[in-house]
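Survey of secondary and tertiary structure
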Amino acid sequence: MEAPQQITSRKDPRFKVSMYEHVGVKNSWTLSYYLGHGGYQAAQKALTMQPSEIINEVKASGLRGRGGAGFPTGVKWSFMPPVDGRQRFLVCNADESEPGSFKDRYILEDDPHQLIEGLLIGGYAIGASKGVIYIRGEYYQGYQRLKQAVAEARQAGYLGSNIFESGFDFDVILHRGAGAYICGEETALMNSFEGLRANPRLKPPFPAQAGVYGLPTTINNVTSLASVVHIINNGADWFSSMGTDDSKGNKLYQISGSVERPGVYEMPMGASFRELIYDLAGGPTMAIKAIIPGGSSTPMLPFDDEHLDTPMDYGSIATKGSMLGTGGVILIPTEKCIVNATWNLVRFYAHESCGKCTPCREGIAGWMVKIYQKLVKGFGQEGDIELIEDMADKIRGKAFCPLADACLGPVQSSIEHFRGEYEYLIKNGKPMYSKSDWWSE
Amino acid sequence: MIELETIRPFFEDKKELLAEILNRYPDYGRRSAVMPLLWEVQRSERHVSEARVEEIAGILGLHATEVKGVMSFYSTYHEQPLGKYHLQVCSTLSCSLAGSDQMYDWLVEELGIVNGETDRDGLFSLQKVECLGSCGTAPVLQVNDVYYERMTRSRCKEVLAALRRDELPEPWLERGGDNVSAEKAQIESES
């Protein structure tokens, strides 16, 4: 018998929305709603399993971290050292702040119990009795909903001691950030949680060896933990029946920029950009020239048939010279000056550079942003493009953490694909596309 | 003789709140309370003064410079008092493509203040901020803790007019994508 085909399109009748099923529904954030829709059944099941069984199930599912780096979640969990009596932590990274990414926000706001359940299962699997949710400071509504959800879960015995009579104790600390993109980097997040300036730490030691307060720690993204709930409920086979060879399961893709229906769409991995942009989001609202495939740090790609038909999975996007990242797609219209669009992102990274290492502080936050500012104001000179390229070459791979390289994604790719616009701007002192009012009535 | 005015400690009459914050963290992680403590002060007094920095340092057994070091790292703690309504315009790419630069320019003209300033009545502060995670519902204007999304020109005028009457309007429910709409929410709540 032939093996059933993998689900790689949302049009496949076997595909069902799971993580986002209840998002956008009124009162979906309450415990009574969650329990009325199968809530905490996965946790109850998980707590009757051996921790190693859960880790194996997650490994078998093929789930890769949904925060951007794509490291296999089950493998990460298995890095935790043997239980030795020390406090262990499972930290949820809810510091979503990569431009173009907004999938976690609606889980925090509309389905916080789903996250708490995922955290509980993960905590049990790695033997951590403390969970931490580090939520970005701007997500105030998400924080309020989460706070209420944690209180309800404690009240009902889903958090606390001896959960489901299993002998397992687990509780959650909610910790708010205060406006710093760098806190999405896991070691910076740990420093921020400890009440230090959020500079990244040297790795090794990795968090599993010495994480929060120097104790064994695992850090997972919101959506990774939400996925775990459904993997436990429906099995690893269900999860891995979706997606492609190197990218299993379903994922929350986000689309913004000039498109009819921007937002978050849950799709099986391996679905194409075309399906997301045209079938779900209703197509562009104006002529488009570039796609940012997975959050601002991923190199932009030309908007053409070749790239539209590329499956949105790790390997396929990598062969096109970019990355899946967080799955945050941004469409850049033809009318937008590409140098200006890139400057916008360079300015973002310059603002968010933590100042710890020289290549990023002087390279990105110093030189790079100044050259771009000069270019967009029409004062570019011959040789500036080469200077940017030379600087990019000297920064790449030499900074302490990935932030500097993240900035180079849009810089280098925009020069690669749209060099003509840079040259035009430098030669004429004004951009090739001059549309300046983007605000609608 | 000159009587010096003594500053009443912020947490003096908030013992329960203080205990609740400190109890969130393990004993060996007392320092973790620095951000929540700074935030309580910021939220209540719209800035964190030197005196409050010293007070927080005293509570946590830190030097004031350590607390100030943390405070100055983040963009949401302020040294100078913010206005009653803190208008934060997201300026990153998706919002920029939806007109946030023009929204910012319009607010500058309307309010007579630029990025980082507070008006003389202490009613409005204006700040350009980076990505707020509202890319699908761009452009976004954050007023204090509230997001106003899909801020068209007319909505922006509406919100500003309300704020000038000293009213913080209810934000409209904006979602988009799979987590669709107010209609769906309405149907669910009625069924």
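Given the structure is predicted, the values throughout are model-derived calculations rather than measurements.

1. With respect to the interface of chain A and chain B
If you look at the interface, chain A gives 75 residues, while chain B gives 60 residues. Both sides together, the interface formed by chain A and chain B hides about 5300 Å², and carbon and sulfur atoms give 53% of it. Our count for the chain A to chain B interface comes out at six salt bridges. Glutamate 109 of chain A is the salt-bridge partner of arginine 175 of chain B, the closest N and O atoms lying 3.1 Å from each other. At the level of secondary structure, the elements contributing two or more residues to the side of chain A that touches chain B comprise helix H5 (103-110), helix H7 (140-156), strand E4 (168-176), helix H8 (186-193), strand E8 (250-257), strand E9 (263-268), strand E12 (328-333) and helix H14 (338-352) of chain A. In the side of chain A that touches chain B, the residues fall into 39 nonpolar, 18 polar and 18 charged.

2. Looking at the environment of proline 284 of chain A
Residue and element names in this part refer to chain A. Tracing the chain through its elements places proline 284 in the loop between helix H11 (273-280) and strand E10 (288-292). Taking relative accessible area as the criterion, proline 284 reaches 22% and is therefore assigned partly exposed. In this structure the C-alpha to C-alpha distance between proline 284 and arginine 261, which are 23 residues apart in sequence, comes to 8.8 Å.

3. Overview of the packing of helix H6 (residues 112-126) of chain A against helix H9 (residues 222-234) of chain A
Residues and elements named next belong to chain A. Between H6 and H9, the shortest axis-to-axis distance is 8 Å and the interhelical angle comes to 75°. Judged by the angle between their axes, H6 and H9 are roughly perpendicular. Where H6 abuts H9, its residues Gln114, Leu115, Glu117, Gly118, Leu119 and Ile121 lie against Val222, Leu225, Ala226, Val228, Val229, His230 and Ile232. Taken together, the residues of the contact of H6 with H9 break down into nine nonpolar, three polar and one charged.

4. What about the packing of H5 of chain A against H9 of chain A?
Two packed helices can be described by the angle between their axes and the distance between those axes. All names here are of chain A. Following both chains from N to C, one finds H5 and H9 inclined at 60°, their axes separated by 9 Å at the closest point. Relative to H9, H5 is oriented oblique. Two secondary-structure elements touch here, H5 through Lys103, Asp104, Ile107 and Leu108 and H9 through Val222, Thr223 and Ala226. Taken together, the residues of the contact of H5 with H9 break down into four nonpolar, one polar and two charged.

5. Some details on the domain arrangement of chain A
Residue and element names in this part refer to chain A. Along its sequence, chain A is carved into domain 1 (31-240), domain 2 (246-333) and domain 3 (338-428). Relative placement of domain 1 and domain 2: their C-alpha centres are 27 Å apart. Both sides of the domain 1 and domain 2 interface together cover about 1600 Å² of buried area, and 56% of this is carbon and sulfur. Area buried by domain 1 at its contact with domain 2 is led by Arg66, Phe102 and Lys103, which between them contribute 33% of it. Put simply, domain 1 and domain 2 have zero salt bridges between them. Linking domain 1 with domain 2 are 11 residue pairs in polar contact (both at pLDDT 80 or more). Elements supplying a minimum of two residues to the side of domain 1 that touches domain 2: H5 and helix H10 (236-240).

6. Remarks on the confidence of the model for chain B
Averaged over every residue, the pLDDT of chain B is 92; the share at 70 or more is 93%. In the predicted structure, residues 185-191 of chain B sits below a pLDDT of 50 and forms seven contacts with residues beyond four places in sequence or in another chain.

7. Some points on helix H3 (residues 51-61) of chain A
At 3.6 residues per turn, the α-helix brings residues three or four places apart onto the same side. Residues and elements named next belong to chain A. Residues Ile54, Ile55, Val58 and Ser61 constitute the buried set of H3. Each buried residue of H3 lies within a common arc of 125° when the element is viewed along its axis, so the set occupies one face. Elements in contact with the buried residues of H3: helix H2 (41-46), helix H4 (73-78), H6, H9, H10 and strand E7 (247-248). Positioned one or two residues after H3, glycine 62 has a phi angle of 80°, which is positive.

8. Focus on the domain arrangement of chain B
Domains assigned within chain B are domain 1 (15-73) and domain 2 (85-164). Relative placement of domain 1 of chain B and domain 2 of chain B: their C-alpha centres are 29 Å apart.

Reading guide: rules and limits
- Residues numbered from 1 in each chain as written.
- Chains lettered and ligands numbered in written order.
- Predicted model: local features only at pLDDT ≥ 70, side-chain atom pairs only at ≥ 80, totals over all residues.
- Heavy atoms only, no water.
- Contact = heavy atoms within 4.5 Å.
- Buried area = accessible area lost by both parts, 1.4 Å probe.
- Salt bridge = Lys/Arg side-chain N within 4 Å of Asp/Glu carboxyl O.
- Helix = DSSP H or I, 4+ residues; strand = E, 2+ residues; numbered from the N terminus.
- Nonpolar A, V, L, I, M, F, W, Y, C, P; charged D, E, K, R; others polar.
- Buried < 20%, exposed > 50% of the residue type's maximum accessible area, 1.4 Å probe, protein only.
- Axes fitted to C-alpha atoms, helices over the stretch in contact; angles between N-to-C directions.
- Parallel < 35°, antiparallel > 145°, perpendicular 65-115°, else oblique.
- Domains from an automatic or database assignment.
- Polar contact = N/O pair within 3.5 Å; in protein donor to acceptor, adjacent residues only side chain to side chain.
- pLDDT = per-residue confidence, 0-100.
- Arc of directions from axis to C-beta.

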